[in-house]
Amino acid sequence: MVRPRTEAPALTSPSASPAAAPSGPGERADVLVVGSGPAALAIAAALVERGLRVEALALDDPAAPWANTYGIWGPEADRAGLGHLLEHRWSNTVSWFGAEPTRHGIDYGLFDKRALQQHWLALLAAAGVVWHRGRAVEIAHHSCHSVVTTAGGDRLAARLVVDASGHEPVFVQRPQGEPIAGQAAYGLVGRFSAAPVESGQFVLMDFRADHLSEAERQDEPPSFLYAMDLGEERFFVEETSLALTPPLSFPLLRERLERRLAHAGIAVEAIEHEEFCLFPMNLPLPDLDQRVVGFGGAASMVHPASGYLVGSLLRRAPDLADAIAAALADPALDGAAQARQAWEGLWPLELRRRHALFRFGLEKLMRYPEDQLRAFFTTFFALPHQEWSGFLTNTLPLPRLVGAMVRLFATAPWSVRWGLIEQRGREPGLLARVLAP
Ligand SMILES: Cc1cc2nc3c(=O)[nH]c(=O)nc-3n(C[C@H](O)[C@H](O)[C@H](O)COP(=O)(O)OP(=O)(O)OC[C@H]3O[C@@H](n4cnc5c(N)ncnc54)[C@H](O)[C@@H]3O)c2cc1C
């Protein structure tokens, strides 16, 4: 069901001008957060809730609208107490892997991204968080604090720095040289000559591909339609490639979307907005021994098998904030030990193992041809709700996650099973990381 637009809460304006760098050790910020995207705001809000003195560095106005749209499963938003910030919420949620729809039976929502941003900014303003403006370019570490220098020459000191500057972070280091798969999508919000999806419906993955030739279906990488009814005869339709190295190109995705719509006899009548989506899916974990702590895209927190990030920001910001608060309160720890403790709070062994398992899973999915991929997803979504949704939201403890995968293997057709058994390319190495991440 499409819900009416949520009214955004009043925004207490963050300080717009650069503040003076803290002068003495007594006044030094506990944490400097770099960035003003969802990850930066989520972690800054969790830190001030723990009584820490937080400053933040934004490239631009931190209240400038975010470019992306953020989708999330309804129960995830509810668990974080943010269900009221969903602009749209659908209970008619389906996918198509064959002739009949797979009904998911779980709500899906789209955040009112402005309301979400303002929710966090208001919390930060109420806690007196100082916003600096500038591009972080350098960092120097001392025994008990770090100093970030901006392109404009400002020097910002804090006991700990959290880098939330996105998928290509300014400071966080991670292993280089591994092939990285990108999720790519081309979408548009618009009006159409006929409804591309049922009224009040959200389509997670429509893998029907009758609009492609047999040769295209056999030889070219698959893509699917992600689509939703936005109400008032507006729809969002997006042709999406789950993950590929190198990613599928935007022109190809656009052409496939046009052909898909034309095949269904649907013409685009008005385009309100075009979305070009590209982000890395299977980044390796960052080096957990570094002095700068990461969060969000910077800390490889995108779910490697589904591409979702926002749910895990909401769930894991409190864990990282707890670890930082405890580390900063411990007088026996120097800066390096505090950072190590913080990283451990964000990426404990259990989560590192699950991350390795998801990366291994994605490697398998990327090599399935279209018919096996459909068979895989049919089996996957036939698992009990708690298992498939726990897999997609990374909320299943490792033993249950492994149990779900065993069940999937046991119930899958032989073509899918064979794909799971056969170890190709770097799959054995990725699997070994589940034991030694
Ligand atoms: C089109 C699109 C749609 C997506 N849809 C979803 C979705 O539906 N659900 C979902 O969970 N995920 C989605 N994602 C994936 C992911 O959630 C986003 O990429 C998300 O924005 C990452 O959040 P972040 O805060 O880590 O990084 P970003 O949003 O990239 O924010 C980084 C911040 O750091 C700042 N910054 C960068 N460099 C510096 C510097 N040197 N100094 C100071 N500041 C700096 C930037 O200005 C920005 O404020 C989508 C991604 C894209 C591209």
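(A) Main features of the side chain of Glu-55. With respect to the helices, strands and loops of the structure, Glu-55 is situated in strand β2 (residues 54-58). Exposure remark for Glu-55: the relative accessible area of 3% places this residue in the buried category. A polar side-chain atom of Glu-55 sits 2.6 Å from a polar atom in the side chain of His-132.

(B) Region of interest: the packing of aromatic side chains. Taken as a whole and judged by the stated rule, the model has 26 aromatic pairs. Relative to Phe-202, the ring of Trp-90 has its centre 5.8 Å away and its plane inclined at 35 degrees; by these criteria the two rings are tilted. Of this pair, Trp-90 sits in strand β4 (residues 86-90) while Phe-202 sits in strand β13 (residues 201-206), and the two are 112 residues apart along the sequence. Phe-202 gets classed as buried once you look at its relative accessible area, which sits at 0%. On the basis of an interplanar angle of 85 degrees and a centroid distance of 5.6 Å, the ring pair of Phe-202 and Tyr-226 is categorised as edge-to-face. In this pair, Phe-202 sits in strand β13 while Tyr-226 sits in strand β14 (residues 224-231), placing the two residues 24 residues apart along the sequence. Like Phe-202, the residue Tyr-226 is buried in the burial classification. Just above the ring of Trp-347 sits the side chain of Arg-316; from NZ or CZ to the centre is 4.2 Å.

(C) Inspection of the pattern of salt bridges at higher detail. Evaluated as defined, the whole model comprises 25 salt bridges. The residue Arg-315 makes a salt bridge to Glu-76 at a minimum N-O spacing of 3.2 Å. With a gap of 239 residues between them, Arg-315 in helix α6 (residues 310-328) and Glu-76 in helix α2 (residues 74-79) connect regions that are remote in the sequence. The class for Arg-315 is partly exposed, based on a relative accessible area of 27%. Residue Glu-76 is classed as buried on the basis of its relative accessible area, which comes to 10%. Where Arg-208 meets Asp-206, a salt bridge forms, and the shortest distance between an N and an O atom there is 2.8 Å. By relative accessible area, Arg-208 is classed as partly exposed at 30%. Among the ionic contacts, a cluster of salt bridges with common partners joins Glu-178, Arg-359, Glu-363, Arg-426 and Arg-433.

(D) Examining the sheet that holds strand β6 (residues 101-103) more closely. Within the open sheet, the seven strands sit side by side as β6-β5-β13-β14-β15-β12-β16. Their pairing is mixed. This sheet does not close on itself; its edge strands, each paired only once, are β6 and β16 (268-280). Strand after strand, the sheet turns through a mean of 20 degrees between neighbouring axes, direction not considered. Of the pairings in the sheet, the one linking strand β12 (residues 182-192) to β16 comprises eleven bridges and is antiparallel in character. When the bridges of β16 are listed, Ala-185 appears paired with Cys-277. Along the sheet, helix α5 (residues 250-263) makes contact with β12, β13, β14, β15 (234-244) and β16, crossing β12 at roughly 40 degrees.

What counts, and at which threshold
- Residues numbered from 1 in each chain as written.
- Predicted model: local features only at pLDDT ≥ 70, side-chain atom pairs only at ≥ 80, totals over all residues.
- Heavy atoms only, no water.
- Helix = DSSP H or I, 4+ residues; strand = E, 2+ residues; numbered from the N terminus.
- Buried < 20%, exposed > 50% of the residue type's maximum accessible area, 1.4 Å probe, protein only.
- Polar contact = N/O pair within 3.5 Å; in protein donor to acceptor, adjacent residues only side chain to side chain.
- Phe/Tyr/Trp six-rings, centres within 6.5 Å; stacked < 30°, edge-to-face > 60°.
- Lys NZ or Arg CZ within 6 Å of the ring centre and 35° of its normal.
- Salt bridge = Lys/Arg side-chain N within 4 Å of Asp/Glu carboxyl O.
- Pairing = 2+ DSSP bridges.
- Axes fitted to C-alpha atoms, helices over the stretch in contact; angles between N-to-C directions.
- Contact = heavy atoms within 4.5 Å.

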